[in-house]
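Next come the chains, spelled out residue by residue.
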Amino acid sequence: MVAHDLAGRGVRDPRVLAAMEAVPREEFVGLAHRDHAYADRALPIEDGQTISQPFVVAFMIEALDMPADGTALEIGTGSGYAAAVLSLVCARVVTVERIARLAGRAAERLARLGYADVEVHLGDGTLGWPPDAPYDGIVATAGGPSVPEALVGQLAPGGFLVMPVGPLGAQHLVRVRRVDDGRPGEDPTYEQDELGGVAFVPLIGAQGWPA
Ligand code: SAH
């Protein structure tokens, strides 16, 4: 999977490839799907949600360009798979999930597998997670109607935010960078680019889609 579906399709960052190699994806999918754990496709998890396609996980984490000593915020814990991968390319991951059962199971699974640098919280991730802000990188693994203001506001200077935006069926991956212009007292400035079409489950919340 790493050689063919990731490196073979343009994922270059050696830290990301090593992290994808290290995390046992079969531990994050249901028993019924274990035979397909290393196929490059999304798979169903509980509560009608999905674990993202490995290429997309690697591509998004590469796009975050995390500093090795940085803290990342993930919105949409799901199975905990992407959080586990992310935790191997930076120092600490704070991840927020809105469905209690998923948050509980992901926290239990991550602890069991030894991913001690991941903290799982139950909440509406469209509001970010203010207690640990700012973050060196923010990634949402569910797609919203727009980039939530709350998330942009929790980005550290120089940090990237990567998330799917747009109506279901026509989402594209958006990346926002908080530019560090180093001038105290001035409002931060941001740059935005687009990284292609994607298909994610909806981001539901105060600054996302209605439930
Ligand atoms: N990163 C996950 C993918 C999970 S799918 C993995 O690797 O398995 C997206 C998840 O986002 C779902 O579990 C869904 O419940 C969650 N979600 C949707 N809206 C959310 C919100 N406002 N806050 C937190 N989680 C949200």
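Here the structure is a predicted model, which means the values were calculated and not measured.

**A few points about the sheet that holds strand S7 (residues 155-165)**
Then comes step 1: The seven strands are arranged S5-S4-S3-S6-S7-S8-S9 in an open sheet whose pairing can be described as mixed. Each end of this open sheet is capped by a strand with a single partner; those strands are strand S5 (118-122) and strand S9 (189-198). Taking each pair of neighbouring strands and ignoring which way they run, the sheet shows an average axis angle of 15°.
Then comes step 2: Pairing between strand S8 (residues 171-179) and S9: eight bridges, direction antiparallel. Note on S9: the bridge partner recorded for Arg178 is Tyr190.
Then comes step 3: Relative to the sheet, helix H3 (residues 54-64) contacts strand S6 (135-140), S7, S8 and S9, its axis offset from that of S7 by approximately 155°.
Then comes step 4: Of the strands in this sheet, strand S4 (92-97) and S5 are in contact with helix H5 (residues 100-112), which crosses S5 at around 165°.

**Let's talk about the site of the ligand**
Then comes step 1: Of all residues adjacent to the ligand, which total 26 residues, the nearest are Glu74, Ser79, Glu97, Gly125 and Ile204.
Then comes step 2: Gly76 is positioned such that a nitrogen or oxygen atom in its backbone is 3.0 Å from a nitrogen atom of the ligand.
Then comes step 3: A distance of 3.3 Å separates a nitrogen atom of the ligand from a polar atom in the backbone of Arg98.
Then comes step 4: Contact with the protein chains hides 100% of the accessible area of the ligand, taken as 580 Å² for the molecule alone.
Then comes step 5: A molecule is said to occupy a pocket when more than half its atoms come within 2 Å of that pocket's grid points, and by this definition the ligand occupies the largest pocket.
Then comes step 6: For the shell around the ligand, the secondary-structure elements that each account for two or more residues are strand S2 (50-51), strand S3 (71-75), helix H4 (81-87) and S4.
Then comes step 7: Within the shell around the ligand, the residues separate by chemical class into twelve nonpolar, ten polar and four charged.

**Examining the layout of surface pockets**
Which parts of space are left empty comes out when a probe the size of a water molecule is rolled across the atoms.
Then comes step 1: In this structure, the largest pocket encloses a volume near 530 Å³.
Then comes step 2: Contributing to the lining of the largest pocket are 36 residues, with Thr50, Thr141, Ala142, Phe200 and Val201 lying nearest its centre.
Then comes step 3: Elements with a contribution of two residues or more to the lining of the largest pocket: S2, H3, S3, H4, S4 and S9.
Then comes step 4: Class assignment for the residues of the lining of the largest pocket results in 17 nonpolar, 15 polar and four charged.

**Re H3**
Then comes step 1: Within H3, nine of the eleven residues are buried, which leaves the element mostly enclosed by the surrounding structure.
Then comes step 2: Restricting attention to buried positions, one finds in H3 the residues Pro54, Phe55, Val56, Val57, Ala58, Met60, Ile61, Ala63 and Leu64.
Then comes step 3: Downstream of H3 by one or two residues, Asp65 has phi in the positive range, about 50°.

**Comments concerning the packing of aromatic side chains**
The description of two aromatic rings rests on the distance between their centres and on the angle between their planes.
Then comes step 1: All told, the structure shown has two aromatic pairs when counted by the stated rule.
Then comes step 2: One cation-aromatic arrangement involves Arg9 over Phe55; the distance from NZ or CZ to the ring centre is 4.0 Å.
Then comes step 3: Lying across the ring of Phe160, Arg175 places its NZ or CZ 4.5 Å from the centre.

**Some words on the nonpolar core**
Then comes step 1: Within the largest apolar cluster, 44 residues are counted, with the highest numbers of intra-cluster contacts made by Leu6, Met20, Phe28, Tyr81 and Leu86.
Then comes step 2: Breaking this core down by element, the ones donating at least two residues are helix H1 (2-6), helix H2 (14-22), H3, H4, H5 and S7.
Then comes step 3: Element by element, the count of residues in this core is highest for H3, at eight residues.
Then comes step 4: Residues in contact with Phe28, not counting those within four places in the same chain, are Val23, Ile45, Ile51, Ser79, Gly80, Tyr81, Ala84, Arg109, Leu110, Leu113 and Tyr115.
Then comes step 5: Residues Leu73, Ile138, Leu151 and Val165 belong to the second largest nonpolar core, which totals 19 residues.

Thresholds, definitions, all that
Residues numbered from 1 in each chain as written. Predicted model: local features only at pLDDT ≥ 70, side-chain atom pairs only at ≥ 80, totals over all residues. Heavy atoms only, no water. Pairing = 2+ DSSP bridges. Helix = DSSP H or I, 4+ residues; strand = E, 2+ residues; numbered from the N terminus. Axes fitted to C-alpha atoms, helices over the stretch in contact; angles between N-to-C directions. Contact = heavy atoms within 4.5 Å. Near = heavy atom within 4 Å. Polar contact = N/O pair within 3.5 Å; in protein donor to acceptor, adjacent residues only side chain to side chain. Areas by Shrake-Rupley, 256 points an atom, 1.4 Å probe, with all protein chains shown as cover. 1 Å grid on protein atoms, 1.4 Å probe; cavity = no way out; pocket = protein on both sides within 12 Å on 5 of 7 lines; lining within 4 Å. Sits in = over half its atoms within 2 Å of the grid points. Nonpolar A, V, L, I, M, F, W, Y, C, P; charged D, E, K, R; others polar. Points joined across faces, edges and corners; volume = space filled by probe spheres on them. Buried < 20%, exposed > 50% of the residue type's maximum accessible area, 1.4 Å probe, protein only. Phe/Tyr/Trp six-rings, centres within 6.5 Å; stacked < 30°, edge-to-face > 60°. Lys NZ or Arg CZ within 6 Å of the ring centre and 35° of its normal. Core = buried A, V, L, I, M, F, W, Y, C linked by side-chain atoms within 4.5 Å.

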